[in-house]
Amino acid sequence: EPGEGEEEDEKKNKVKNKRGGDIKAGKQVSFSAKRFVRPMNALSSDNAAKTTHSASDVKLGFNNVSSLVDLVKVVPLVGGEAYKRSYVKSYGDGADYTAENGAYAESEMEFGMATIGKTKITAYCEEPNEMLKLPNADFDSIVEDDVTRSIRRKMAREILVGDGAEGHFTGIFHVPAKASDDIIDRTKDIKLTAIDDGTLDEIVFSFGGDEDVEDVATLILSKKDLKAFAKLRDKQGRKVYTILHNGNTGTIDGIQYVINSVCGAVTDAQSSADVYCMAYGPLSNYEMAVFSDLDAQRSDHYKFKEGQIAYRADVFAGGNVAAYNGFIRVVRPKSA
């Protein structure tokens, strides 16, 4: 029968054989720290290593994604290449009296077409694999979430400022090269250099047709201009506007709003160019076509030598205003 020493050697050999097989199979293995670090037999209290404790979670930062990306109309078209939406530019307004046996008065509707092309939006980041070894803190999932969040932030901004170029969103603030291509009539833009007690009424009653005051619209603005609404006081020192806020959204005197940091601010100083600051209208008047799922992927192989873990995410989507004059825009005009 083998002695104690032989049994111990046999156990060690089994461990080595298993670990060797795991390495060949590409699995992660661990070696005892004692095999490559020799602790000093004697350490004075002054030189003793101090234990550092790590929190079991990760403190998250402030939200950086506007809710706008979730509030516009999403059209799922997985596998598609493009999306076209027809809209009414004007209803026929030519009805008139006609003499007996006379020709009928002409009253033709005018239509337009909004095209939403396929764009590819991507995000990529890397982290050292040491992050995974930190106790209990789920850095891995947070980093993976970050690349997804980055894409959503880009989409939320492009809904407003997309330049309409090939492979890009067409944003609410986009002004085509030719006025004849306008989906939002640029001549109806409201020009403001300050926020006062009449600003909200000016926006609300300027939007829509001559027969209705729209009641399902939302104001898109910057936090800086929202602050200006909130700080406004009347002669008795009372707040002019009643603002209820819930993070990224809320109401101003009952009018829904959503914050988007890409908006300019009416309250900023005028510059050498016009700056779009707000938009007001039903958010369903902007359509975002989604041509694929949002895919996020992790790779432990790309930078294996450097000990880096790579993350990437991508989505195929596009967006455009889908209703003629579906929004009214507020512009801070350029300085004279």
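A brief structural summary.

What follows covers the pairing of strand E4 (residues 119-128). Side chains of E4 alternate between two faces, with Thr119, Ile121, Ala123, Cys125 and Glu127 buried and Lys120, Thr122, Tyr124, Glu126 and Pro128 left unburied. In the sheet, E4 pairs with strand E13 (residues 308-321) via 10 bridges, with the strands oriented antiparallel. For Cys125, the partnering residue across the bridge sits in E13 and is Tyr311.

It is worth spelling out the sheet that holds strand E10 (residues 275-281) at this point. Either a parallel or an antiparallel arrangement is found when strands of a sheet pair, and the pairing is made through backbone hydrogen bonds. Overall, mixed pairing links the seven strands, which are arranged E5-E14-E10-E6-E9-E8-E7 in an open sheet. Taken across any chain shown, the strands that pair with only one partner, and hence form the sheet edges, are strand E5 (190-191) and strand E7 (243-246). The pairing of strand E6 (residues 218-221) with E10 spans three bridges and is antiparallel. Bridge assignment links Leu219 to a residue of E10, and that residue is Tyr280. Lying over the sheet, helix H5 (residues 223-231) contacts E6, E7, strand E8 (249-252), strand E9 (255-259) and E10, oriented at roughly 115° with respect to E6.

Here we come to a positive patch on the surface. The grouping of Lys223, Lys227, Lys231, Arg233 and Lys239 at the surface amounts to a positive patch. Among the secondary structure elements, Lys223 is positioned in helix H5. Judged by its relative accessible area of 61%, Lys223 is exposed.

Considering all chains together, one arrives at nine salt bridges under this definition. Glu158 serves as the salt-bridge partner of Lys154, at 3.5 Å between the closest nitrogen and oxygen. One end of the pair is Lys154 and the other is Glu158, both in helix H3 (residues 139-161) and four residues apart, which spans about a single turn. Each of Lys73, Arg85 and Glu287 takes part in salt bridges that share partners, so that together they form one network.

What counts, and where the lines are drawn
- Residues numbered from 1 in each chain as written.
- Predicted model: local features only at pLDDT ≥ 70, side-chain atom pairs only at ≥ 80, totals over all residues.
- Heavy atoms only, no water.
- Buried < 20%, exposed > 50% of the residue type's maximum accessible area, 1.4 Å probe, protein only.
- Helix = DSSP H or I, 4+ residues; strand = E, 2+ residues; numbered from the N terminus.
- Pairing = 2+ DSSP bridges.
- Contact = heavy atoms within 4.5 Å.
- Axes fitted to C-alpha atoms, helices over the stretch in contact; angles between N-to-C directions.
- Patch = residues over 30% accessible without salt bridge, like charges linked within 9 Å, V, L, I, M, F, W, Y side chains within 5 Å.
- Areas by Shrake-Rupley, 256 points an atom, 1.4 Å probe, with all protein chains shown as cover.
- Salt bridge = Lys/Arg side-chain N within 4 Å of Asp/Glu carboxyl O.
- Lys, Arg positive; Asp, Glu negative; His and termini not counted.
- Charge placed at Lys NZ, Arg CZ, Asp CG, Glu CD.

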